[in-house]
Amino acid sequence: MRIEKIASEALDKVNGDRYLLSNILFARIDELSRGAKPLVNKDIKVHKLSDIALLEVAEGKIGLDKIEEAQN
């Protein structure tokens, strides 16, 4: 799937709020960089962390509620 399509789907998951999407992505990228396992079938060594995080949001595997749970 093209990254533009994935980004569009991820934006739909947060009701078009680009600021919220960027905050979710930043938090998830931080988690991935600290060793969290991807929730999608992508290899961290091959794919960019930002692409993995964006795909996780687009597929509904990660959202603001899940980020807050992980931080507590």
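Just above sits the structure.
First, a word on scope: everything that follows refers to the structure included in this document.

## What about the packing of helix H2 (residues 18-33) against helix H3 (residues 49-58)?
Part 1: Taken N-terminus to C-terminus, the directions of H2 and H3 make an angle of 120 degrees; their axes are 9 Å apart at the nearest point. By the angle between their axes, H2 is oblique relative to H3. The two elements H2 and H3 cross, and the hand of that crossing is right-handed. Where H2 abuts H3, its residues Leu-21, Ile-24, Leu-25, Arg-28, Ile-29, Leu-32 and Ser-33 lie against Leu-49, Ser-50, Ile-52, Ala-53, Leu-54, Glu-56 and Val-57.
Part 2: Considered class by class, the residues forming the contact of H2 with H3 number 10 nonpolar, 2 polar and 2 charged.

## Points about the environment of Glu-31
Part 1: Relative to the elements of secondary structure, Glu-31 occurs in helix H2.
Part 2: C-alpha of Glu-31 to C-alpha of Ala-53: the two residues are 22 residues apart in sequence and 9.7 Å apart in space.
Part 3: One polar contact links Glu-31 to Arg-28, side chain to side chain, over a distance of 2.8 Å.

## Observations concerning H2
Part 1: With 16 residues, H2 ought to run about 22 Å at 1.5 Å a step, and its terminal C-alpha atoms sit 22 Å apart, in line with that.
Part 2: Burial in H2 covers these residues: Leu-21, Ile-24, Leu-25, Ala-27, Arg-28, Glu-31 and Leu-32. All buried residues of H2 fall inside an arc of 165 degrees around its axis, so they share one side. Facing away from the buried side of H2, by more than 90 degrees, are the exposed residues Arg-18, Tyr-19 and Phe-26.
Part 3: Between a side-chain oxygen at the N-terminus of H2 and the backbone nitrogen of Tyr-19 the separation is 3.1 Å; the capping residue is Asp-17.
Part 4: Positioned one or two residues after H2, Gly-35 has a phi angle of 110 degrees, which is positive.

## What about the nonpolar core?
Part 1: Counting 16 residues, the largest nonpolar core has Ile-6, Ala-10, Val-14, Leu-21, Leu-25, Leu-54 and Val-57 as the members making the most contacts within it.
Part 2: Of all the secondary-structure elements, those providing two or more residues to this core are helix H1 (3-13), H2 and H3.
Part 3: Sequence-distant contacts of Val-57, that is, excluding residues within four places in its chain, are made with Ala-10, Lys-13, Leu-21, Ile-24, Leu-25 and Ile-62.

What counts as what
For every chain, the first residue of the written sequence is number 1, and numbering continues from 1 along that sequence. Where totals are concerned, whole chains, interfaces and linings use all residues; where local detail is concerned, this predicted model gives features only for residues with pLDDT of at least 70, and gives and counts side-chain atom pairs only at 80 or more. To obtain the side-chain values, all non-hydrogen atoms of the structure were used and water was disregarded. Helix axes use the C-alpha atoms of the stretch in contact, all axes being lines fitted to C-alpha atoms, and the angles between their N-to-C directions lie in the range 0 to 180 degrees. What counts as a helix is a DSSP run of H or I of at least four residues, what counts as a strand is a run of E of at least two, and both are numbered from the N terminus. Working rule for angles: under 35 degrees goes down as roughly parallel, over 145 as roughly antiparallel, 65 to 115 as roughly perpendicular, anything else as oblique. Here is the rule for handedness: rotate from the far helix to the near one, and if that takes an anticlockwise turn smaller than a right angle the crossing is left-handed, while a clockwise turn gives right-handed. Note on contacts: a residue pair is in contact if any heavy atoms of the two residues lie within 4.5 Å. Three categories are distinguished: nonpolar for Ala, Val, Leu, Ile, Met, Phe, Trp, Tyr, Cys and Pro, charged for Asp, Glu, Lys and Arg, and polar for the others, with Gly belonging to the last. In protein, a polar contact means a hydrogen-donor-capable atom and an acceptor-capable atom, both N or O and within 3.5 Å, with residues adjacent in sequence counting only if both atoms are side-chain atoms; elsewhere, any N or O pair within 3.5 Å suffices. To estimate the expected span of a helix, subtract one from its residue number and multiply by 1.5 Å. Buried means the residue's accessible area, taken with a 1.4 Å probe over protein chains only, is under 20% of the maximum for its type, while exposed means over 50%, and partly exposed covers the values in between. What the arc describes is the spread of directions from the helix axis to the C-beta atoms. The criterion is simple. A nonpolar core is a set of buried Ala, Val, Leu, Ile, Met, Phe, Trp, Tyr and Cys residues joined through side-chain atoms within 4.5 Å.

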